[in-house]
Amino acid sequence: MRGRSLLAAGLPLVAGLATLFSALPAWAGSALGAWRISREGQLELRTSPDIQIQAFYESGRGRSGPRIWVDLPGAPIRTRTIPGAGLVRQVRIGKPTPYETRLVLEFQPGTPINPAELRLVGTARDRWRMDLKALGAGLVPLGEGDVEAPSAPTWRQGPPATAFVPRGPINAGSLPQVPRGRFKVVIDPGHGGPDPGAVGIGGLRETDVVLDVGLQVAQLLQARGVQVLLTRTSEVDVDLPPRVALANNSGADLFLSIHANALSMARPDVNGIETFYFQSSLSRALAQAVQEQVLAISPGSPDRGVRPGRFFVIRRTVMPSALVEMGFVTGSLDAPRLADAGFRRRLAVAIATGMLNHLGGR
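Please read these numbers as outputs of a predicted model, since none were measured by experiment.

With that settled, consider the overall build of the protein. Helices and strands together make up the secondary structure of the protein, namely six helices and 17 strands. The long-range fraction of contacts in the protein, counting pairs at least 24 apart against all pairs at least 6 apart in sequence, stands at 76%. Per element, the accessible surface of the protein, about 15300 Å² overall, is 51% carbon and sulfur.

Here it is as C-alpha cells:
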C-alpha cells in the first residue's frame, strides 16, 4: 500500500533525509527498536542510528479506518497484530518485503485525521516523533519496548567474508554484430527516485546498480547500431504502466527489465542469478541468452535458472520480454560485486552480449 507521505521536509538533525541511506548492515534485524503512543499524544520511535525512514497516511474506506504507517529497513523477527485502545483500532508490525519492517497504526473508522497536520520528525540520530495531539483526548498510551533506552545495533551475526570480484580486461569490442539500424529494444532499469528497490550490504541500493548497468547496456547496444529506448535515465520514479506503454508504443523488438535481488537481512548466504519470462518461446529464449552471459561473468554465484514469472512489465509487454535479477544486494558473494563499478561494466557487456546473440539468431 502507498499513501500520502508524512515525512518532514526538513529535519533539524537529519538534513537531506531524502538522500540519506541506511547505515544498517544487510545482515541486520529490524531497525525498529521500540515504539509508543505517549500520554502526551505523540507517536515516538526508537530505531537504529542513521537510517532511512518513510511515513505515510491513507484515508479509511468502509470498515477500515484511516492509517498511518512507517517503513524501516530490516525485517522483524515476527509479524504481529496488537489490539488497540481508544481511537487506535489496532497496531500491526508487518514485513512488506523480506528486508523491511512496517509499523501500521489503524484508527477507528470515521476518526477525523488531517494529514497536513502530521509530520514524522527526527529528533536525534535514533529518535523520531509524530504529534498526534490534534486527534483529541481519545488517544490511549500504547507501545512495545523501551523508547527511552539507548539504541544499539540490532544485527545478529558478523559481516560476511570478502567476496571475490572478477578483475581483468573487458573486451567490449568483441560484442556480436547485428545488422545496423534493423533492431529497436527497450531497456528498463527497475525502481528509481523515492523507490530505491532493495537495500543491501553497506546501504547498496538496487536503483543505483540497475541504472548504472542499464545506461551502459544502452551505450553498448547503440554502438552496434541498435536503437535503444530507456524507461528512465536518471533517479526518477516511473510507475509500471508507463514503462509498459513506452515499450508497447515503440514497436520495439525486445524488452529487458534489469533488477537486483534481495532476501532477508539475516541471509547473506543466499546469492544467485535468475532471469524471468512470461509465456512465449521467444521471451524464454531471450531470458536464456541473458542468463547464460551473466552467469559466465559471475563465477561461484548460483544458477537460479530461467523461470516463468508474472511481473507486470513482462506480462503486459507485447514483444519478447525478460526480467534479469543480476544477484542479491543482500548476498555476501553478489553484493560486493554489484557494488563494484568494474563488475557492473562486466554485467553490462554480458547483458548486451546476450541480447545481441538473441537478436542475431532471430
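Turning to the packing of helix α3 (residues 281–296) against helix α6 (residues 341–360), a few remarks are in order. One way to put it is that α3 packs onto α6 with a least axis distance of 8 Å and a crossing angle of 145 degrees. Relative to α6, the crossing made by α3 is right-handed. Across the interface between the two elements, Leu282, Ala285, Leu286, Ala289, Val290, Gln293 and Val294 from α3 touch Leu347, Ala350, Ile351, Thr353, Gly354, Met355, Asn357 and His358 from α6. Grouping the constituent residues of the contact of α3 with α6 by class yields ten nonpolar, five polar and no charged.

Right, let's talk about the sheet that holds strand β12 (residues 184–189) for a bit. Read from one edge of the open sheet, six strands run β13-β12-β14-β17-β15-β16, paired in mixed fashion. The open sheet is flanked by β13 (227–230) and β16 (303–308), the only strands paired with a single partner. The mean angle between the axes of side-by-side strands here comes to 20 degrees, regardless of whether they run parallel or antiparallel. Direction of pairing for strand β14 (residues 254–261) relative to strand β17 (residues 321–328): parallel, over a ladder of six bridges. Residue His259 lies in a different strand from β17, and its bridge partner there is Glu325. In this fold helix α1 (residues 206–223) packs onto β12, β13, β14 and β17, with an angle of close to 150 degrees to the strand it touches most, β14.

Let us look at the side chain of Glu325. Residue placement: Glu325 occurs in strand β17. It is Arg307 that comes nearest to the buried, bridge-free Glu325 among opposite-charge side chains, at 8.3 Å. A distance of 3.1 Å separates the side chain of Glu325 from the backbone nitrogen of Asn261, its partner in a polar contact. Setting aside chain neighbours within four positions, we find Glu325 in contact with His259, Ala260, Asn261, Gly272, Ile273, Glu274 and Phe276.

Another point: the sheet that holds strand β11 (residues 142–144). Pairing in this open sheet of five strands is antiparallel, and the strands run β9-β10-β3-β2-β11 from one edge to the other. Across the chains shown, the open sheet's two edge strands, defined by having one partner strand only, are β9 (120–124) and β11. Shown here is a sheet whose adjacent strand axes are inclined to one another by a mean of 20 degrees, direction ignored. Direction of pairing for strand β2 (residues 32–37) relative to β11: antiparallel, over a ladder of three bridges. Paired with Arg36 across the bridge in β11 is Gly143.

The backbone of His191 shows a phi angle near 65 degrees, a positive value even though the residue is not glycine. Structurally, His191 can be placed in the loop between β12 and α1.

With that out of the way, let us pick up α6. Residue pairs spaced three or four apart in an α-helix point in one direction, given the helix's 3.6 residues per turn. Spanning 20 residues, α6 covers 28 Å between terminal C-alpha atoms, matching the ideal 28 Å at 1.5 Å per step. Burial of α6 is extensive: 15 of the 20 residues sit out of reach of the surface. Here α6 starts with a cap whose side-chain oxygen sits 3.0 Å from the backbone nitrogen of Gly342, and that cap is Asp340.

The next thing to look at is α3. For α3, built from 16 residues, the straight-helix expectation of 22 Å at 1.5 Å per residue is met to within 8% by its first-to-last C-alpha distance of 23 Å. Turning to α3, its buried residues number three or more, namely Ser283, Leu286, Ala287, Ala289, Val290, Gln291 and Val294. Contacts made by the buried residues of α3 are with β14, β15 (273–277), β16, β17 and α6.

So, about the environment of Val70. Residue position: Val70 is located in strand β5 (residues 67–73). For Val70, a relative accessible area of 1% corresponds to the buried category. As a C-alpha pair, Val70 and Leu32 span 38 residues in sequence and 10.0 Å in three-dimensional space. Excluding anything up to four places from it in sequence, Val70 contacts Leu45, Ile53, Gln54, Ala55, Thr101, Arg102, Leu103 and Leu120.

Looking now at the packing of α1 against α6. At a minimum axis separation of 8 Å, α1 and α6 run at an interaxial angle of 50 degrees. On the basis of their axis angle, the class for α1 and α6 is oblique. Crossing of α1 against α6: the hand is right-handed. When α1 is examined against α6, the residues Val209, Asp212, Val213, Gln216, Val217, Leu220 and Leu221 are found in contact with a partner set consisting of Arg344, Arg345, Leu347, Ala348, Val349, Ile351, Ala352, Met355 and Leu356. Within the contact of α1 with α6, the residues separate by chemical class into twelve nonpolar, one polar and three charged.

Take the pairing of strand β4 (residues 54–58) next. Successive side chains on a regular strand alternate, one facing one side of the sheet and the next facing the other. Among the five residues that make up β4, four are buried, leaving the element largely enclosed by the rest of the structure. Note that β4 and β5 share five bridges and pair antiparallel. When the sheet's bridge partners are listed, Ala55 is paired in β5 with Val70.

So, on to the pattern of salt bridges. Within this structure, the stated rule accounts for 17 salt bridges. The residue Glu44 makes a salt bridge to Arg36 at a minimum N-O spacing of 2.8 Å. According to the relative accessible area criterion, Arg36 is partly exposed, its value standing at 25%. Among the salt bridges present, the one from Asp269 reaches Arg267, with a minimum N-O distance of 2.8 Å. The structure contains a network of salt bridges with shared partners spanning Arg36, Glu44 and Glu148.

Here is what the cut-offs are and how they apply
Residues numbered from 1 in each chain as written. Predicted model: local features only at pLDDT ≥ 70, side-chain atom pairs only at ≥ 80, totals over all residues. Heavy atoms only, no water. Helix = DSSP H or I, 4+ residues; strand = E, 2+ residues; numbered from the N terminus. Contact = heavy atoms within 4.5 Å. Areas by Shrake-Rupley, 256 points an atom, 1.4 Å probe, with all protein chains shown as cover. Axes fitted to C-alpha atoms, helices over the stretch in contact; angles between N-to-C directions. Left-handed = near helix turned anticlockwise from the far one by under 90°. Nonpolar A, V, L, I, M, F, W, Y, C, P; charged D, E, K, R; others polar. Pairing = 2+ DSSP bridges. Buried < 20%, exposed > 50% of the residue type's maximum accessible area, 1.4 Å probe, protein only. Lys, Arg positive; Asp, Glu negative; His and termini not counted. Salt bridge = Lys/Arg side-chain N within 4 Å of Asp/Glu carboxyl O. Polar contact = N/O pair within 3.5 Å; in protein donor to acceptor, adjacent residues only side chain to side chain. Expected span 1.5 Å × (residues − 1). Parallel < 35°, antiparallel > 145°, perpendicular 65-115°, else oblique.

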